[in-house]
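Each chain, written out:
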Amino acid sequence: MGKNHDGLPLFETKSAKRRTQFKLFIVSMLVGICSIFVYRLRYMPFSTKEEEGAVVILLVWIGLFVSDLWFTLYWFVTLVVRWNPIYRHTFNDRLILKYGEKDLPGVDIFVCTANPKAEPPLMVVNTVLSVMAYDYPPHKLSVYLSDDGASELTFYALLEASEFSKKWLPFCSKFEVEPRSPEVYFTNNEASQPLDDHHGQWASIKRLYEDMKRRIESATKAGQISESIRRGHKGFREWDYVLSKRDHQTIIQILIDGRDPEAMDIDGHPLPTLVYLAREKRPQYHHNFKAGAMNSLIRVLANISNAPIILNLDCDMYSNHSESVKDAMCFFLDKEKGYEIAFVQFPQAFENLTQHDIYSSSLRVIMEVELRGFDTSGGPCYIGTGCFHRRESLSGKKYNEASKVILDWKRKNEDEGISAEALEETTKVLASCTFEENTQWGKEMGVMYGCLVEDVLTGLVIQCRGWRSVYYNPEKKAFLGAAPTTLLQTLVQHKRWAEGCLQIFLSKYCPMTYGYKKIPLGLRVSYLVYLLWSLNSFASLYYVTVPSLCLLKGISLFPQISSIWVAPFLYVFLGNRGYSLGEFLMCGGTYREWLNNQRMWLFNRTTSYFFTVLDHMLKLLGFTDEAFIITAKVADDDVSERYKQELMEFGIASPMFTILTALALLNALGFIWGLKKLIFTQQSLYMNPFALQVVLSGLLVFVNLPIYEAIFLRKDKGRLPNSVIYQSIMLTLVACSIVLY
């Protein structure tokens, strides 16, 4: 527990309960797993005779042994993050009592966007307004919007938001509004005026928001800004020199200057600083995607506000709790442990999940269990959004070099009399394409380059410099975002995550070697839970394909039900799935949500992770280039409707869907053929050597029910395209022909 000198803690830490029962369960599972390996070795089908197919059977058996061995090793890795997770609780009501508003550190907030079509400007400014309205001294907040799409539509939306903030911020404070995203607040409340609405302020501010929303959406739909609007602000002149979103000069506009005494809301209170940034881009320079944008922001803020704490958010992750900044400060300002904390990571949470989370986008177990386990070993990994950073740790400083002083904030240039216009001009060079040449930016300073999951890599490097991190998962989620609404979006997102993690694992930054003697062994192993995601594809594909093919060939792979050896197989399978279900329910999920989670777990392993390894191999051979894919945050009306109805979306032809469909058809054939063997054989069910294989194929058929529905029953646009179905049938027939030949 962290304590202040006066004895009042700002946060407390508690360990998980019932660990004895958990450890006993693990021991029993280990006994079952060892028994399976004994069975595999004892009944290995070695043959001294040159029987037809004997070698094939032996190879199949060895493949099962290797797959079981891999699953066991990965299971041990996952145990590390489950062994003793910790829970943290803050006392932010004591923060002001201890420090007062004057001594609280400043906070610079990054909001990153890159594509006005995939990330609508209205959504972006709702996120910006939600963080501008934090329950925190406004003169200590500075909000920076990084627009990597260099869109004048986004700039116009931010300009509108800067004016609306003068009414919105005092309204939030007066009525204690939660959440402070206008769109979410007004959507979630009844259309009628609240009973406590004195003098019609609620209706008035809602009307002002609707007017702003209409103007932004009209401009977005038109795809351009009218000439009358362009003449209203000098910033629009910058777009006269923009050739394209990949070829333009640096654009910096300070829309609200927090140093200006006239920057007040309608109640006479100071407003946060608000800055628009589109860093320079030129075709001949690699811009390093989001990592490059964040590094430009780090340099720009150092010349404008220079706060010691940085919050970075994706543009779709609006603030859902106005006191989240205070919660983070409870860790940074702790006198006992605060000095060593580099970042405080909040969980990702989503507001648009279906009732049973059809695509398992909540990442429930990761957020509720695994990251708590990371925290036990030295701190969670950095997940790219919803994270409060100590600026000096992002700037490459090692913990043992950090001076142990209370975080002190002084706005840079506040006494120098530099105008906003002059500050804009002097700051532009910091966001230029050439600034990072022959520097350590992206290598030893800032966010790391060369990785699809630059956030995870950056967090690892920071921890290896001696810092630790903290995971804080409050009951009321600090940030809410938009999850993917189609199956392909989800699979592509997981492919990007898995490929980035594989890059780290195969690079010099592999935590097992790079982190040696720098971070605890438990933390190094914890990272492997995600870094080994993609390598799970091989063992998973083996178990999804080979048992069904062996049913067609008449090869038995498991003991018969009457054998004592069936016990460890049943116990390990049922125990593992039972624990998974119990863990999921304890995290707040439902049974049907768990089933969807299991389905997506299999879909990801057999497609996203498989293509991850394949693509990485092609990149190593120089056949493909690295590309950062932005997941769309909006969907067509018919897609949204099917998503709400929890109908899986297959409407686009994709190699991933071809693989999924082929596997589903293969499992169906294996199951039907296996049932035939069970029904028409003279052996009893208990003596039949194929019973467990049929059960396994049956479970896979159950998992694939949405695919069969998309092939045979659905008529909507979300069904499987005929081209995918034909390709899958051909692939299945080829596989069966090879086996049966």
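Residues numbered from 1 in each chain as written. Predicted model: local features only at pLDDT ≥ 70, side-chain atom pairs only at ≥ 80, totals over all residues. Heavy atoms only, no water.

Digging into the overall build of the protein chain
The number of helices and strands found in the protein chain is 25 helices and 12 strands. For the protein chain, whose C-alpha radius of gyration is 28 Å, the value lies close to the compact-globule estimate of 27 Å for 741 residues. If one aligns the C-alpha atoms of the protein chain with their principal axes, the spans along those axes are about 95 × 60 × 60 Å. A buried classification covers 58% of the 741 residues belonging to the protein chain. Summarising the internal contacts of the protein chain: among those between residues at least 6 apart in sequence, 83% fall at separations of at least 24. Averaging the positions of the 78 positive and the 77 negative side-chain charges in the protein chain gives two centres separated by 6 Å. (Helix = DSSP H or I, 4+ residues; strand = E, 2+ residues; numbered from the N terminus. Rg over C-alpha atoms; globule rule 2.2 N^0.38 Å. Buried < 20%, exposed > 50% of the residue type's maximum accessible area, 1.4 Å probe, protein only. Contact = heavy atoms within 4.5 Å. Lys, Arg positive; Asp, Glu negative; His and termini not counted. Charge placed at Lys NZ, Arg CZ, Asp CG, Glu CD.)

Here we look at the packing of helix 18 (residues 536–553) against helix 25 (residues 722–740)
Where helix 18 meets helix 25, the axes come as close as 9 Å, and the angle between the chain directions of the two elements is 55 degrees. Here helix 18 lies oblique to helix 25, going by the angle between them. The element helix 18 and its partner helix 25 pack so that their crossing is right-handed. Of the residues in helix 25, those touching helix 18 at Leu549, Leu552 and Lys553 are Ala735, Cys736, Val739 and Leu740. Of the residues assigned to the contact of helix 18 with helix 25, the class counts are six nonpolar, no polar and one charged. (Axes fitted to C-alpha atoms, helices over the stretch in contact; angles between N-to-C directions. Parallel < 35°, antiparallel > 145°, perpendicular 65-115°, else oblique. Left-handed = near helix turned anticlockwise from the far one by under 90°. Nonpolar A, V, L, I, M, F, W, Y, C, P; charged D, E, K, R; others polar.)

Comments concerning the packing of aromatic side chains
Under the definition given, this model contains 43 aromatic pairs. Measuring from centroid to centroid gives 4.8 Å for Phe11 and Phe331, while their planes differ by 45 degrees, and the two rings are tilted. Here Phe11 is found in strand 1 (residues 11–15), whereas its partner Phe331 is found in helix 10 (residues 324–332), with 320 residues between them in sequence. For Phe331, a relative accessible area of 0% gives the class buried. (Phe/Tyr/Trp six-rings, centres within 6.5 Å; stacked < 30°, edge-to-face > 60°.)

A word on helix 15 (residues 487–505)
Its 19 residues place the ends of helix 15 27 Å apart at the C-alpha level, agreeing with the 27 Å of an ideal helix rising 1.5 Å per residue. In terms of burial, helix 15 is largely enclosed, as 17 of its 19 residues are buried. (Expected span 1.5 Å × (residues − 1).)

Some words on the packing of helix 18 against helix 22 (residues 655–680)
For any two helices packed against each other, one specifies the inter-axial angle together with the distance between the axes. With their axes 8 Å apart at the nearest point, helix 18 and helix 22 run at an angle of 40 degrees to one another. It follows that helix 18 is oblique to helix 22 by the angle criterion. Considering only the axes of helix 18 and helix 22, their crossing is left-handed. Together, Leu541, Val544, Thr545, Ser548, Leu549, Leu551 and Leu552 of helix 18 and Leu663, Leu666, Asn667, Leu669, Gly670, Trp673, Gly674 and Lys677 of helix 22 make up the contact between the two elements. A class-by-class count of the residues in the contact of helix 18 with helix 22 yields nine nonpolar, five polar and one charged.

Remarks on a nonpolar patch on the surface
Side chains of Leu570, Phe573, Leu574, Val695 and Leu699 sit close together on the surface and give an oily, nonpolar patch of about 440 Å² of accessible area. At the level of elements, helix 19 (566–586) and helix 23 (691–703) are the ones that each hand at least two residues to the nonpolar patch. In terms of residue count, helix 19 provides more of the nonpolar patch than any other element does, three residues in total. For Val695, a relative accessible area of 48% gives the class partly exposed. (Patch = residues over 30% accessible without salt bridge, like charges linked within 9 Å, V, L, I, M, F, W, Y side chains within 5 Å. Areas by Shrake-Rupley, 256 points an atom, 1.4 Å probe, with all protein chains shown as cover. Salt bridge = Lys/Arg side-chain N within 4 Å of Asp/Glu carboxyl O.)

Points about the environment of Pro45
If you trace the backbone, Pro45 turns up in the loop between helix 1 (19–42) and helix 2 (54–82). When the C-alpha atoms of Pro45 and Tyr285 are compared, they prove to be 59 Å apart, with 240 residues separating the residues in sequence. Residues in contact with Pro45, not counting those within four places in the same chain, are Ile57, Leu58 and Trp61.

Observations regarding the nonpolar core
Formed by 76 residues in total, the largest nonpolar core has its most connected members in Val107, Trp168 and Phe388. The biggest single contributor to this core is helix 5 (residues 152–175), with 12 residues. (Core = buried A, V, L, I, M, F, W, Y, C linked by side-chain atoms within 4.5 Å.)

Focus: the pattern of salt bridges
Across all of its chains, the model carries 38 salt bridges by this definition. Here Glu583 and Arg82 are joined by a salt bridge, their closest N and O atoms 2.8 Å apart. Of the two residues, Glu583 sits in helix 19 while Arg82 sits in helix 2, which places them 501 residues apart along the sequence. The two residues Glu583 and Arg82 agree in class, both being buried. One salt bridge connects Arg642 with Asp716, and the closest N-O pair in it is separated by 3.9 Å. Of this pair, Arg642 sits in helix 21 (residues 637–644) while Asp716 sits in the loop between helix 24 (705–713) and helix 25, and the two are 74 residues apart along the sequence. Residue class for Arg642 comes out buried when judged on its relative accessible area of 9%. Ionic contacts of the salt-bridge type, sharing partners, join the residues Asp638, Arg642, Glu649, Arg714 and Asp716 into one network.

As for the state of the cysteines
A complete count under the given rule lists zero disulfides for this structure. Cys587 takes part in no disulfide bond, and the closest cysteine sulfur, belonging to Cys381, lies 16 Å away. Between Cys736, a cysteine without a disulfide, and Cys550, which holds the nearest cysteine sulfur, the sulfur-to-sulfur distance is 12 Å. Accessibility expressed as a relative area gives 8% for Cys736, which makes it buried. (Disulfide = S-S within 2.5 Å.)

Regarding the sheet that holds strand 7 (residues 309–314)
One open sheet holds the eight strands; their spatial order is 5-6-4-3-7-10-9-11, and the pairing between them is mixed. Of all strands in the sheet, those with a lone pairing partner are strand 5 (251–256) and strand 11 (468–471), marking the two edges. In this sheet, adjacent strand axes meet at a mean angle of 20 degrees when their direction is disregarded. Of the strand pairs in this sheet, strand 9 (residues 341–345) and strand 10 (residues 387–390) are connected by three bridges, and their pairing is antiparallel. Residue pairing for strand 10: Val344 is matched across the bridge by Phe388. Of the strands in this sheet, strand 3 (107–113), strand 7, strand 9, strand 10 and strand 11 touch helix 10, which is tilted by about 150 degrees from strand 9. (Pairing = 2+ DSSP bridges.)

A few points about the confidence of the model for the protein chain
Here the protein chain averages 91 in pLDDT, and 93% of its residues register 70 or above. Here residues 1–5 scores under 50 on pLDDT; set against residues more than four positions off or in separate chains, the count is 19 contacts. (pLDDT = per-residue confidence, 0-100.)

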